[in-house]
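# Residue-level structure breakdown
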Amino acid sequence: MEDWRKSKAAFAIFMAPATFWLLLFFTVPLAIIWVYSFGERGPQGQTELAVSLENYARAVEWIPLKILWKSLWIATISTVICLLLGFPLAMGVAFAPKRWKNPLLLIVILPFWTNLLIRTYAWIAILRISGFLNFGLEWAHGLLDAGFGVIGMPGLMGEFQPLELLYNNSAVIVGLVYVNLPFLVLPLYATLEKLDKSYLEASLDLGAGQWRTFFSVTVPLTMPGIASGVLLAFILSLGTFLTPDLLGGTDSMMIGNLIAQEFGPSRDWPFGSALSFVLMYVTFFVLWLRATVASRSSGVGEAG
Amino acid sequence: MTEARKPIIRIRNITKRFGSVVACDNVDFDIYPGEFFALLGPSGCGKTTLLRMLAGFESASEGEIEIDGQPMLDVPPNKRPVNMVFQSYAVFPHMTVLDNVAYGLKVTGVPKAEARARAEEALGLVHLEGYGQRMPDQLSGGQRQRVALARALVKKPKVLLLDEPLSALDAKLRDAMRLELVRLQHTVGITFVIVTHDQDEALSMADRAAVMERGKVMQIAGPGDLYEHPNSRFVADFIGKVNVFEGKVSGVSGGRLAVEVGGMGRIEVPHDGVAQGDVGIAVRPEKTRLSKDRPASGLIVLKGKVTDVAYYGNESHILLDTDAGVQVTTTVQNEKRSTDAAMTIGDDMWISWSPEDTLVLNG
């Protein structure tokens, strides 16, 4: 059969729906937001078109900048934890016996089958003062207390104080790690799966231990997968809205929440638009950074 | 005599099962220092599994392996005095050629300068001087294999394991590399154990070969013995071409065996082993002669009709339907340019060979 890509008419027909969809629901709204970001907020909160850089000036003022900085930090920490948890997980699935791979992979993507909102509420049920985690801790505390009582030291453990686990930055990080872990694991798994295992065997054969093999062979050879996974988890964390909204405290506001506030209660769409674009520029910068690093490392391969 | 020396590898009653599949079935033999040893057999015969057990990538279900006098049970691959050249070469694509070769030294704590110097030296050994700074993707398949060789040899292992080292090379390069490997083995004096499914490779390179089938070692012998004195139908058939006729032993006397073969009648062949009942009577194609007239007595003769002539330039392979009911292949050297003597399909010919060239195959 003739290659359908060679036929321009067929190509256009197949491409048309997706192109139209993206144009109408992605490019056009983005353009509107871009235009708004130069506008002004009217007295009743309506958006008035203008050519003003004031919104951008406000976006880089101290408070929004601090929130952006904090978002970057939380995204970084949650991504690092994702990587530390996700790498062994991806390796475990990729190196598992063949018949176990698909079931294990299914477990990794199983959370996607439930609504994100419900999954996040579940974390509230776990982390809150009277939640499952504190309940478990109290039970363990009581057990230890009884144990000390038996050996003649009653009251050594003191009164049980439930931990305040919810409505703070740690809760946000826990939530983000939970939500984004599969996004990091899947590309990493795909790369590890394709990795020729004889490279690892060769490293062992040449006298390297398991750790040395991991850092000198596995990590460099799966760098594209690591980069894709990390980038995905980072960008998703950076722009997140729901997780800090539900699990975060008063000082856990991230840039996504600020944008939501401007479009919602504050009714300042132009400022919200400008903030959105600042976030997008930051994301672009991260992507550009990755592209540069990638082209440099492959450049070494070609130049030699 | 090799048997007098202490073996470098002792394989004792090794059995390896993958689930219900028996990859190696009670394998038991020794390999001696300085040998070029081949594990030969069709795919799935267990030769690669055996090699991987020597390297430490698989553990035996039963039995023991000793390398250089040390039991290898529970010794991980990175602690074994062997190195391997992988079928895919497994040259690290993210390191320069020099870093690849120096890797095995660096990870075991050899100082950087010394590792570098020894890596350069190893590259010289495989004729890759000046390639140190290249990346693997700038090398040809043959060059990558040399890197893999240098990388393994630089470790000065007691045994070098090679997994189908020539299978990925084109025909011309393969022939050159055969000689190269033999030369290299003489230079470094290390025991080589090579896995191959190619009988020509094994015969031309190895001092001894173990022919394996379905996890069992069928015969261990030098190339000449494997070819001229195969101990079974499998080995005779796997190593080279062979014509086999079914016969029944009708008498034994003074080192000679009388056999009744359909279409040939009673023939007498020299045989010093035990044989009775049904046996295979076999002859290699190049040991047979074709003639238009019945040859002189003292030879084993058989009548046949030419059904096919396959011309290979230096020789021709003639296929004949014989009175024995078996199709027989004979080879004819094309010694002269003239094609006067050429056979044509349908010709009636006499096939003959000396009783001394006859193989008696049990089982």
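Residues numbered from 1 in each chain as written. Chains lettered and ligands numbered in written order. Predicted model: local features only at pLDDT ≥ 70, side-chain atom pairs only at ≥ 80, totals over all residues. Heavy atoms only, no water.

## Quick notes on the overall build of chain A
The helix and strand tally for chain A stands at 13 helices and two strands. Compactness check: chain A gives a C-alpha radius of gyration of 25 Å against a globular reference of 19 Å for 304 residues, more than 25% above the reference. Along the longest, intermediate and shortest principal axes, the C-alpha atoms of chain A span 80 × 65 × 40 Å. The contacts in chain A between residues at least 6 apart in sequence include a share of 67% that link residues at least 24 apart. Summed over all atoms, the accessible surface of chain A reaches about 17,900 Å², with 72% contributed by carbon and sulfur. Here chain A holds 18 positive side-chain charges and 19 negative ones, and the gap between their average locations is 10 Å. (Helix = DSSP H or I, 4+ residues; strand = E, 2+ residues; numbered from the N terminus. Rg over C-alpha atoms; globule rule 2.2 N^0.38 Å. Contact = heavy atoms within 4.5 Å. Areas by Shrake-Rupley, 256 points an atom, 1.4 Å probe, with all protein chains shown as cover. Lys, Arg positive; Asp, Glu negative; His and termini not counted. Charge placed at Lys NZ, Arg CZ, Asp CG, Glu CD.)

## Topic: the domain arrangement of chain A
Residues and elements named next belong to chain A. Domain boundaries assigned for chain A yield domain 1 (68-127 + 165-304) and domain 2 (129-162). Taken over C-alpha atoms, the centre of domain 1 sits 36 Å from the centre of domain 2. Domain 1 puts four residues into the contact, and the matching count from domain 2 is five residues. Carbon and sulfur atoms make up 65% of the area that domain 1 and domain 2 hide from each other, which totals about 390 Å². Of all residues in domain 1, the largest losses of buried area upon contact with domain 2 belong to Ala125, Ile126 and Leu165, amounting jointly to 78% of the total for that side. Taken together, the links from domain 1 to domain 2 amount to three residue pairs in polar contact (both at pLDDT 80 or more). Tallied by class, the residues present in the side of domain 1 that touches domain 2 amount to four nonpolar, no polar and no charged. (Domains from an automatic or database assignment. Buried area = accessible area lost by both parts, 1.4 Å probe. Polar contact = N/O pair within 3.5 Å; in protein donor to acceptor, adjacent residues only side chain to side chain. Nonpolar A, V, L, I, M, F, W, Y, C, P; charged D, E, K, R; others polar.)

## Considering the environment of A:Ile109
All names here are of chain A. Counting through the fold element by element, isoleucine 109 comes out in helix α4 (residues 98-109). Judged by relative accessible area, which is 26%, isoleucine 109 ranks as partly exposed. Once the C-alpha coordinates of isoleucine 109 and leucine 53 are considered, the two residues, 56 residues apart in sequence, prove to be 43 Å apart. (Buried < 20%, exposed > 50% of the residue type's maximum accessible area, 1.4 Å probe, protein only.)

## Structural notes on the domain arrangement of chain B
Residue and element names in this part refer to chain B. Taken domain by domain, chain B holds domain 1 (2-236) and domain 2 (241-361). Distance between the C-alpha centres of domain 1 and domain 2: 39 Å. Counting residues at the interface gives seven residues for domain 1, matched by 10 residues for domain 2. Buried area between domain 1 and domain 2, summed over both chains or domains, comes out near 750 Å², and the portion from carbon and sulfur atoms is 45%. In terms of surface lost to domain 2, no three residues of domain 1 exceed Tyr227, Arg233 and Ala236, which account for 72% of the buried area on that side. At the surface where domain 1 touches domain 2, the tally comes to two salt bridges. The residue lysine 287 makes a salt bridge to glutamate 228 at a minimum N-O spacing of 3.2 Å. Here domain 1 is connected to domain 2 by five residue pairs in polar contact (both at pLDDT 80 or more). Elements that contribute at least two residues to the side of domain 1 that touches domain 2 include exactly α7 (223-228) and α8 (233-238). (Salt bridge = Lys/Arg side-chain N within 4 Å of Asp/Glu carboxyl O.)

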